[in-house]
Amino acid sequence: MRHGDKINNLGRTASHRKALLKNLACELINHKRITTTLAKAKALRTFIEPLITKSKDNTTHQRRVVFSYLQNKEAVTELFGPIAEKVGGRPGGYTRIIKLGIRVGDNAETAMIELVDYNEIYGKGKGEVKEAAKKTRRGGSRKKAAGEEAAAPAEETASEEKSAKKAAK
């Protein structure tokens, strides 16, 4: 029974699964976009997102922790260099999975997993480093202040129209 077992074993032993995810992660870091099966893409997302979060803090300790997962110097250098600069202001959600359909040979569902900040089609800021804005859980205070400022000129114009109508009579 697998009650409460949240890991997707992908039909592999633990060592094989670890090697698979390590290789997929290195290829994703190097190429910024890879095509694989949907199950592998979902498993890879849970594997690589914490590593990208660790890369935002560029210390020797974090580099060693990430290297213990990836075992690839070039991938670690790429992750802590340009990738960490691009995702600096993003609070999470560094990858995107797009379903592509089924594979002809074995009918497996395929998907493309990519780093969000490296997509030229969807990216609004195309290579900009976004500043980390302080976000609160309650955004109502800012909205109310903006709404009151917008409502105040509207009330002034309404009173001016009334006075203009009275003067016309």
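On a predicted model such as this, the values are computed, not experimentally measured, just so you know.

Draft legend 1. Looking closely at the pattern of salt bridges. Scanning all chains against the criterion turns up 5 salt bridges. A salt bridge links Glu114 to Arg33, with the shortest nitrogen-to-oxygen separation between them at 2.9 Å. Of this pair, Glu114 sits in strand β3 (residues 109-115) while Arg33 sits in strand β1 (residues 33-37), placing them 81 residues apart in sequence. Given the relative accessible area of 36%, Arg33 is considered partly exposed. With a closest N to O distance of 2.9 Å, Arg103 and Asp106 form a salt bridge. Three or more residues are tied together by salt bridges with common partners; here these are Arg33, Arg96 and Glu114.

Draft legend 2. Looking closely at unusual backbone geometry. If you check the backbone angles, Lys32 has positive phi at about 70° while not being a glycine. In this structure, Asn107 takes a positive phi of about 65° despite not being glycine. By the element assignment, Asn107 lies in the loop between β2 (95-102) and β3.

Draft legend 3. Local environment of the packing of helix α1 (residues 14-31) against helix α2 (residues 38-55). Where α1 meets α2, the closest approach of the two axes is 10 Å, and the angle between their N-to-C directions is 80°. Considering their axes alone, α1 and α2 lie roughly perpendicular with respect to each other. Each of Leu20, Leu21, Lys22, Leu24, Ala25, Leu28 and Ile29 in α1 lies in contact with α2, whose residues at this interface are Lys40, Ala43, Leu44, Phe47 and Ile48. A breakdown of the residues in the contact of α1 with α2 according to their chemical character gives 10 nonpolar, no polar and 2 charged.

Draft legend 4. Looking closely at the environment of Phe47. Note that Phe47 resides in helix α2. Residue classification places Phe47 among the buried positions, given a relative accessible area of 17%. When the C-alpha positions of Phe47 and Lys18 are compared, they lie 9.6 Å apart, and in sequence the two are 29 residues distant. In contact with Phe47, not counting residues within four places along its chain, are Leu21, Lys22, Ala25, Tyr69 and Leu70.

Draft legend 5. View of the nonpolar core. Core analysis: the largest hydrophobic core is formed by 30 residues, its most contacted members being Leu44, Leu70 and Leu79. At the level of elements, α1, α2, α3 (60-70), α4 (73-86) and β3 are the ones that each hand at least two residues to this core. The element that contributes the greatest number of residues to this core is α2, accounting for 8 residues. When sequence neighbours within four positions are dropped, the list of residues in contact with Leu79 reads Ile29, Leu51, Ile52, Ser55, Val66, Leu70 and Ala84.

Draft legend 6. Molecular detail of the packing of aromatic side chains. Across all of its chains, the model carries 1 aromatic pair by this definition. With 6.0 Å between their ring centres and 75° between their planes, Phe47 and Tyr69 make a pair best called edge-to-face. One end of the pair, Phe47, is in helix α2; the other, Tyr69, is in helix α3, with 22 residues separating them in the sequence. It is Lys32 that lies over the ring of Tyr118; its NZ or CZ is 5.1 Å from the centre. Positioned above the aromatic ring of Tyr118, the side-chain terminus of Lys86 is 4.3 Å from the ring centre.

About the cut-offs
- Residues numbered from 1 in each chain as written.
- Predicted model: local features only at pLDDT ≥ 70, side-chain atom pairs only at ≥ 80, totals over all residues.
- Heavy atoms only, no water.
- Salt bridge = Lys/Arg side-chain N within 4 Å of Asp/Glu carboxyl O.
- Helix = DSSP H or I, 4+ residues; strand = E, 2+ residues; numbered from the N terminus.
- Buried < 20%, exposed > 50% of the residue type's maximum accessible area, 1.4 Å probe, protein only.
- Axes fitted to C-alpha atoms, helices over the stretch in contact; angles between N-to-C directions.
- Parallel < 35°, antiparallel > 145°, perpendicular 65-115°, else oblique.
- Contact = heavy atoms within 4.5 Å.
- Nonpolar A, V, L, I, M, F, W, Y, C, P; charged D, E, K, R; others polar.
- Core = buried A, V, L, I, M, F, W, Y, C linked by side-chain atoms within 4.5 Å.
- Phe/Tyr/Trp six-rings, centres within 6.5 Å; stacked < 30°, edge-to-face > 60°.
- Lys NZ or Arg CZ within 6 Å of the ring centre and 35° of its normal.

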